[in-house]
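Single-letter residue listing:
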Amino acid sequence: MKNTFSKSIYLLLVILIFFIAKLLAQVTQPAPPETFLTTYYLQRTSLFKSLPVTKNETIFLGNSITDGSEWSQLFNDVHCVNQGISGDITAGVIHRLNLVTDRKPPKVFLLIGTNDLAHGIAVDSALKNILLIVDYIHQQSPLTKLFVQSILPVNPIYKKFSTHTDKTKQINLLNTKLKELSGENRYTYIDLYSFFADRDGLMNPKLTNDGLHLLGDGYALWKHIIFPFVYGLTARPSLIPKPQQIKWDNGFFPLYKCHSILVNNNTLQNESNQLQQFLQSVTGKAIIVNNSSEESPSIELRISKVNSPLVASEAYRLKVTPEKILIEANTSHGIFNGIQTLIQLARDKEMIDACEITDWPAFAWRGYMIDVGRNYMPMDLLKQQIEIMGRYKLNVFHFHSTEDIAWRFGIKAYPQLTSASTMLRNAGEYYTSKNIQELIQYCKERHITFVPEIDMPGHSAAFKRAMGTDMQSESGITILKHILNEICKTYDVPYIHIGADEVKITNEKFIPEITQHIESFGKKVIGWQPGGNFTNNTIRQLWMDDNAHLSKNKQTQFIDSRHLYLNHMDPLESTVTIFNREIGDVPEGNSEILGATLCTWNDRRASEAIDILRMNPVYPGMLTFSERCWRGGGRQEWISNVNDGDAESFKEFEHRLLDQKKLFFKGIPFPYVRQTQMQWRLYGPYNNNGNLSKKFEPELSNNTEQWKFYKEETGGTIVLRHWWYPLIKAAVDSPKENSTIYAYTKIWSDEPALKNFWIGFYDPSRSTATDTPPENGWDYKQSKVWVNGQPVAPPDWEHAGQKGDSEVPLVDEGYSYREPTKILLKKGWNDVLLKCPVGTFKGRDWQNPVKWMFTFVPLDGE
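Numbering of residues begins from 1 in every chain and follows the order in which that chain's sequence is written. The predicted origin of the model limits local features to residues at a pLDDT of at least 70 and limits the giving and counting of side-chain atom pairs to 80 or more, whereas totals for whole chains, interfaces and linings rest on all residues. As a rule here, side-chain values come from all non-hydrogen atoms in the structure, and water together with hydrogens is ignored.

Looking at the pairing of strand β18 (residues 539-542)
Inference 1: Relative accessibility under 20% of the residue-type maximum defines a buried residue, over 50% an exposed one, and the middle range a partly exposed one, all with a 1.4 Å probe and only protein chains included. Labels follow the DSSP assignment, with helices taken as runs of H or I lasting at least four residues and strands as runs of E lasting at least two, numbered in each case from the N terminus. Neither face of β18 is exposed, since Ile 539 and Gln 541 on one face and Arg 540 and Leu 542 on the opposite face are all buried.
Inference 2: Pairing of strand β17 (residues 524-529) with β18 involves 4 bridges; the strand directions are parallel. Within the sheet, the bridge partner assigned to Ile 526 lies in β18 and is Ile 539. Pairing between strands is defined by DSSP: at least two bridges between them are needed.

Rendered as structure tokens:
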């Protein structure tokens, strides 16, 4: 009784100090009476003081309910820190808040108040103390994001903690006020109560054994609810590609309780094994696969009729209830696709939101191509790309394996083809028959078709060095037929890609004869368009916009790869342009337009294979491409910037894309950051008369009203004029040479801080032999950056002013793979001004096309 009285007096003291602090606009911590500090409280706070401060902590702050969890184990994250103290009240949290704020944690999750109400403290008094906690954290650690969780329901059913479990009315009142005040007090309110309460508004008896504290199932539910807040994710799981039809229901499937997979068809062994491996990795428990008995909760894979308007062989239906998950499909491929969606739904590895999904692809052909002829890529990186392809429902792996630089497809009949002496890069590195069989099998397990490309008769200098003859000669054709005999007989692949682009055809019989030879093995032939003199049966892969797919020849099929070369795209531009693309100029696939293939051609020598994934937007582009190919739609017009497309849809997609990056690409190159928050005002164009250093109003006056306003744009990269203008739309509608554009925006900072930025004015293609920017310059156009009126120095280029050379690897020329630019921001709004002059649009030579553009975007703590 005496202790309760002391706590009440202390709470009144705290409230008095709260009002005084509000008047003085300064929050202070009151000193508690000695009787208030329990032995356990002192033990815990002593422990907190002794622990080292680590970066990126997420602190869970509260009483016994918080104290009762093993947060770091629950989230499998050492950054999750438990600062709960059993028996604590709001005043106790206030007293020890410095132990929280001194650590400057990025996030704090607060749940407090139950014990206050049990001690007879009024709702308004507890509320004022919680708001004092909020104000103190904001004051002492302004960058900390604060999440105030609702007080959990209670239940008197167990006849324990009677002074706690009779406070349902007060709990509801306090929660209502916490929710109402969240906006003006700058915290995020999280409703736990609704998820833990039964129909009567009491704690669900299945989640507790005393009416107040939680059982393991309760903590699993708690984790599931707050998981997106802990990791900055969308409320619902972000799915890529987004299903054609999805309906969210109430309830959750407890993944951690699942012990069995029910399978109704023996053809699903591959899929059931993959699901079994995933579940075992998640739960750490043995998962049984059977076809007779069914346990609850369980997952069932079932071959049955699923209606879909397109590509029925890949359609699936997925239903999640609290008791069961059912994946149905017409084929094993559809089941595989459903499993990939299920894995994304299981983002917290604890529970899955109840839902119903019916899904199918808009295009049957959804491919990805990697050029391993110019730069050898080891098997582990190839498998990584295939694995991620399967995860996002791409189904064709195009293996470009022969080039002028090297022939890397092992042929037993002609080992000289892969001799080190014939290779100009990565000498001696090639793929043996065993390697290729391994890749084919790896693809098959993920329902991906392996398409080998033997480029002929162009891009064949390595062949000529090895064999001493031209491919189009009679002897060359004979050798090629022997090579194709070996490939067609050895490998179970339905297609052979023969390239046939960028070459002068000197033998008109070459392509028809080679095509007939391949078709004699029951294989289909693919070639690049524009390219050789193909037969009607040859599938044309479009790489240039020559409108061949618009011809009236209905016999010919097409694959779209126009403006889908990642090696030519800036990282931030790539997602925008691919997201808005209409594949093959049709909203969905048909008998002529099969689909598309996304390509990575790293023509320039790479210092190491991983650089191809670092310097090209491979995975951001792949996921965006997956979305577009699966869902269909898009725009026929090719664009560069966010505002020229469906800006709202892209913003929603960007959230999903970044969720995927956080959850599934840790330690894997993923050159993309949030950009839709960047709002720019463009001024100009001003005529610089060829004087790129000429100054105009934005440099001469701070009065923006005097500046020549042009338009607003959104994005981290703004393309002013694309180097393929007018084929691709950019920000300046009718660009003229000798022009200067200025771009202006403001960036907020909660406190003075050194922040990282991507900044660039020319992100070089990884295919051309582009010159390195000059010393002390951002580029050759005299572009400039100012933040708060202070110039931002360009990078100290490793090869400043170096003439472009395809055999010299890129190092720091692109903004996404060099060290970020560090800028000291002041507290509050920071002014950003960019100057973007341009002279001629012709470029110094074809290796240095003029890119009139800029990139400026914060890295948001990455």
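What follows continues from the structure just given.
Thoughts on the layout of surface pockets
Sizing a probe to match a water molecule and rolling it over the atoms shows the empty space that remains.
Inference 1: A 1.4 Å probe that fits into a set of points on a 1 Å grid over the protein atoms alone but cannot get out defines a cavity; an open set with protein on both sides within 12 Å along at least five of seven lines defines a pocket, and lining residues are those with an atom within 4 Å of a point. Grid points are joined across faces, edges and corners, and a volume is the space filled by probe spheres set on the points. Taken as a whole, the second largest pocket spans an internal volume of roughly 900 Å³.
Inference 2: Lining of the second largest pocket is provided by 33 residues; of these, Phe 195, Leu 221, Gly 251, Phe 252 and Met 351 occupy positions nearest its centre.
Inference 3: Those elements that place two or more of their residues in the lining of the second largest pocket are β5 (188-190), α12 (216-230), β6 (245-254) and β12 (351-359).
Inference 4: Residue contributions to the lining of the second largest pocket peak at 6 residues, all from α12.
Inference 5: Residues are sorted three ways: Asp, Glu, Lys and Arg are charged, Ala, Val, Leu, Ile, Met, Phe, Trp, Tyr, Cys and Pro are nonpolar, and all the rest, Gly among them, are polar. Taken together, the residues of the lining of the second largest pocket sort by class into 18 nonpolar, 6 polar and 9 charged.

Details of the environment of Ile 357
Inference 1: By the secondary structure assignment, Ile 357 is in strand β12.
Inference 2: Judged by relative accessible area, Ile 357 falls into the buried class, the value being 0%.
Inference 3: Expressed as a C-alpha distance, the spacing of Ile 357 and Pro 243, which sit 114 residues apart in the sequence, is 6.9 Å.
Inference 4: In contact with Ile 357, not counting residues within four places along its chain, are Leu 239, Pro 243, Gln 245, Ile 246, Tyr 316, Arg 317, Leu 318, Thr 341 and Leu 345. For this analysis, residues touch if any pair of their heavy atoms sits within 4.5 Å.

Looking at helix α10 (residues 168-180)
Since the α-helix advances by 3.6 residues per turn, residues separated by three or four positions end up pointing in the same direction.
Inference 1: One less than the number of residues in a helix, times 1.5 Å, gives the span that helix is expected to have. An ideal rise of 1.5 Å per residue puts 18 Å on 13 residues; α10 measures up with 18 Å between its terminal C-alpha atoms.
Inference 2: Listed as buried for α10 are Thr 168, Ile 171, Leu 174, Asn 175 and Leu 178. All buried residues of α10 lie within an arc of 130 degrees about the axis, which places them on one face of the element. Seen from the buried face of α10, the exposed residues on the opposite side, beyond 90 degrees, are Lys 169 and Glu 180.
Inference 3: The inward-facing, buried residues of α10 abut α7 (114-118), α8 (123-140), β4 (145-149), α9 (162-165), β5 and α11 (193-196). Each direction from the helix axis to a C-beta atom contributes to the arc, which is the arc of those directions.

Some details on the sheet that holds β12
Inference 1: Read across the open sheet, the 7 strands follow the order β6-β12-β10-β11-β9-β7-β8; overall the sheet is mixed. Every other strand in the sheet has two partners, leaving β6 and β8 (288-290) as the edge strands with one partner each. Strand-to-strand twist in this sheet, taken as the mean axis angle between neighbours without regard to direction, amounts to 20 degrees.
Inference 2: Sheet analysis places strand β7 (residues 260-263) next to strand β9 (residues 298-303), joined by 3 bridges and oriented parallel. Note that in β9 the partner of Leu 262 across the bridge is Glu 300.
Inference 3: Structural elements are reduced to axes, namely lines fitted to C-alpha atoms, with helices fitted over the stretch in contact, and the angle between N-to-C directions of any two is expressed from 0 to 180 degrees. Contacting β6 and β12, α12 crosses the sheet at an angle of about 55 degrees to β12.

Considerations on the sheet that holds strand β15 (residues 449-456)
Adjacent strands of a sheet pair through backbone hydrogen bonds, lying either parallel or antiparallel.
Inference 1: Reading around the circumference, β13-β14-β15-β16-β17-β18-β19-β20 is the order of the 8 strands in this closed barrel, with parallel pairing throughout. Sheet twist, expressed as the mean angle between neighbouring strand axes with direction ignored, is 30 degrees.
Inference 2: Relative to the sheet, helix α16 (residues 433-444) contacts β14 (396-400) and β15, its axis offset from that of β15 by approximately 140 degrees.
Inference 3: Of the strands in this sheet, β13 (365-371) and β20 (593-600) are in contact with helix α22 (residues 618-631), which crosses β20 at around 175 degrees.

Here we look at the environment of Gln 344
Inference 1: Among the secondary structure elements, Gln 344 is positioned in helix α14 (residues 332-345).
Inference 2: Judged by relative accessible area, Gln 344 falls into the buried class, the value being 3%.
Inference 3: C-alpha separation for the pair Gln 344 and Ser 238, spaced 106 residues apart in sequence, amounts to 7.4 Å.
Inference 4: Beyond its immediate stretch of four places on either side in the chain, Gln 344 contacts Pro 237, Ser 238, Leu 239, Ile 240, Arg 391, Tyr 392, Gln 660 and Phe 664.

What to know about empty space enclosed by the protein
Inference 1: Per the counting criterion, the structure on display carries 3 cavities of 30 Å³ or more.
Inference 2: What the largest cavity holds in volume is close to 60 Å³.
Inference 3: Ile 759, Gly 760, Phe 761, Tyr 762, Asp 763, Pro 773, Trp 778, Trp 797, Glu 813, Gly 814, Tyr 815 and Arg 818 together form the lining of the largest cavity.
Inference 4: Its residues assigned to classes, the lining of the largest cavity shows 7 nonpolar, 2 polar and 3 charged.

With respect to the packing of aromatic side chains
Inference 1: The pairing test for Phe, Tyr and Trp rings, Trp by its six-membered ring, is centres within 6.5 Å, and the orientation test on the planes gives stacked under 30 degrees, edge-to-face over 60, and tilted for anything in between. In total, this model carries 42 aromatic pairs according to the counting rule given.
Inference 2: Ring geometry for Phe 75 against Phe 227: centres 6.3 Å apart, planes inclined by 5 degrees, an arrangement best described as stacked. Linking Phe 75 in the loop between α4 (71-74) and β2 (80-84) with Phe 227 in helix α12, this pair joins segments that are 152 residues apart in sequence. Take Phe 75 and Phe 227: they sit in the same class, and that class is buried.

Details of the packing of helix α20 (residues 571-579) against helix α23 (residues 647-664)
Inference 1: Between α20 and α23, the shortest axis-to-axis distance is 11 Å and the interhelical angle comes to 125 degrees. Relative to α23, the element α20 lies oblique. Seen from above, α20 lies across α23 with right-handed handedness. Every residue of α23 that contacts α20 at Thr 575, Val 576 and Phe 579 is listed here: Ser 649, Phe 650, Phe 653 and Leu 657.
Inference 2: Per-class residue counts for the contact of α20 with α23 are 5 nonpolar, 2 polar and no charged. Reported orientations rely on four angle classes, namely roughly parallel under 35 degrees, roughly antiparallel over 145, roughly perpendicular from 65 to 115, and oblique for the rest. Here a crossing is called left-handed whenever its near helix is offset anticlockwise from the far helix by less than a right angle, and right-handed whenever the offset is clockwise.

What to know about unusual backbone geometry
Inference 1: The omega torsion across Gly 684 and Pro 685 is -10 degrees, close enough to zero to call that bond cis.
Inference 2: Turning to its location among the elements, Pro 685 is positioned in strand β21 (residues 679-687).
Inference 3: A cis amide bond links Tyr 725 with the next residue in sequence, Pro 726, at an omega value of 5 degrees.
Inference 4: Within the secondary structure, Pro 726 is located in the loop between β23 (717-721) and β24 (739-749).

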